[in-house]
Each structure stands twice: as structure tokens, then as C-alpha cells.
Amino acid sequence: MDVRGPGRRVRRVVSRPPLQTLTPHPAEAEERALETRLLAAVERRKAPVASAALLRAARVARGERAAAQACLAALEARGSLVRTKGNRLALPARQGLVAGRLTVNPAGFAFCRPDNGEGDDVYVPATRVRPAMHGDRVLIQVERSGRRGRAEGRVVRVVDRVV
């Protein structure tokens, strides 16, 4: 197509079809919907809940139980859910835990930057960093507020190890 531009020059413009939007695979969309249902069901409960009761609360059909169990395992591995005493599941925030990435100083102390980006970094003294290493995704138990008004905690679990 020819178009007259400024100065009456003719330039050729190629018309292109609009870019297609990427739609997720139906299986991925179903998995995300199942994750959303499970997390919403845990959020509605005030106390930690057993996995069987969680599946009932999320209204998971019998045919979806295997996929839901796999989804629960993935959520737990990612740090979105935490397994408590009695083999029950809960949200980390309700247990006083913060999921985040650990930044270790050569002197031994560390800071945990929360994954959700909310709040300040959590200071972890050198004696409470182990077994985590620099760059690991960890769950931190916030224990108290330090002298400088900064939250202080300890590493409870390494969620994802950096290689």
C-alpha cells in the first residue's frame, strides 16, 4: 500500500495481520484453576487443614484427586503451602513464616528478601543461617524485631537450592 507522508513523498507500507495473543494450554489453565481453588480453600480455613479435608473444601471431584495431590505437592515444594505438625497444610504467612530469597554476607549473616515484595527484608544472624546458602529460596521464621526495628528470624527450611 502506498501512503503519502510529509513532504508528499510516497512510501510503501506493508499491512500486517495483528499479533495473535498467546493462550495457555487447556491443561495448564485447568492446573492454575485447581491451584487457585486449593489456595482459596486453605485461606478460608483459620487453622491448618488435613489434605483430605482440603480436597473436600475445594470441591475436588474423585477424578481430579490425583492431579490435586500432585498440585498440593507442587505448592508445598514452591513454598506456597507449608506442612505443619500432624501432616496438615497451612499458608506460610499464618504460621509466621516468610518465603524469600536469601542473600548471605561474607561475614555470615544474611537477609531474606520476601518473594511477594511486601515488607522489608528479614535479617538472619550468622548463627541461624544454616543449612541455607547464598541465593537459596527459604522459609524464614520471624522471631522478633531487632534493635534497629528490623525483623529478625531464622531459616526453617530450604525450599529451592541454587546450584
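See the structure shown above.
Thresholds, definitions, all that
Sequence order as written defines residue numbering, which begins from 1 separately in each chain. In view of the model being predicted, local features appear only for residues whose pLDDT reaches at least 70, and side-chain atom pairs are presented and counted only at 80 or more, with totals across whole chains, interfaces and linings using the full set of residues. As a rule here, side-chain values come from all non-hydrogen atoms in the structure, and water together with hydrogens is ignored. A helix here means a DSSP run of H or I that spans at least four residues, while a strand means a run of E at least two residues long, and both kinds are numbered starting from the N terminus. Only protein chains enter the calculation, and the probe is 1.4 Å; a residue is then buried if its accessible area is under 20% of its type maximum, exposed if over 50%, and partly exposed in between. We call two residues in contact whenever any of their non-hydrogen atoms come within 4.5 Å of each other. DSSP-based pairing: two strands are paired if at least 2 bridges between them are found. Think of it this way: a Phe, Tyr or Trp ring, Trp meaning its six-membered ring, pairs with another when their centres are within 6.5 Å, and the plane angle makes it stacked under 30 degrees, edge-to-face over 60, tilted otherwise.

*Asks:* Explain the environment of Val60 to me, and be specific about the residues and the numbers.
*Replies:* Mapped onto the secondary structure, Val60 falls in the loop between helix 2 (51–57) and helix 3 (65–78). With relative accessibility at 7%, the residue Val60 sits in the buried group. Along the backbone, Val60 and Leu38 are 22 residues apart, and their C-alpha atoms lie at a distance of 8.8 Å. With residues up to four places along the chain from it excluded, the contact list for Val60 reads Leu34, Arg37, Leu38, Leu55, Arg65 and Ala68.

*Asks:* Give a detailed account of the pairing of strand 9 (residues 137–145), specifying residues and quantitative values.
*Replies:* Direction of pairing for strand 6 (residues 97–104) relative to strand 9: antiparallel, over a ladder of five bridges. For Ala99, the partnering residue across the bridge sits in strand 9 and is Leu139. Pairing analysis gives eight bridges linking strand 9 to strand 10 (residues 151–160), with the strands arranged antiparallel. Looking across to strand 10, one finds that Gln141 is bridged to Arg154.

*Asks:* Please set out the packing of aromatic side chains residue by residue, giving values where relevant.
*Replies:* Counted under the stated rule, the structure contains three aromatic pairs. On the numbers, 5.9 Å between centres and 40° between planes, the contact of Phe109 with Tyr123 is tilted. Of this pair, Phe109 sits in the loop between strand 6 and strand 7 (110–114) while Tyr123 is found in strand 8 (residues 122–124), placing the two residues 14 residues apart along the sequence. Among the residues examined, Phe109 registers a relative accessible area of 24% and is labelled partly exposed. Clustering of aromatic rings is evident, with ring pairs tying together Phe109, Phe111 and Tyr123.

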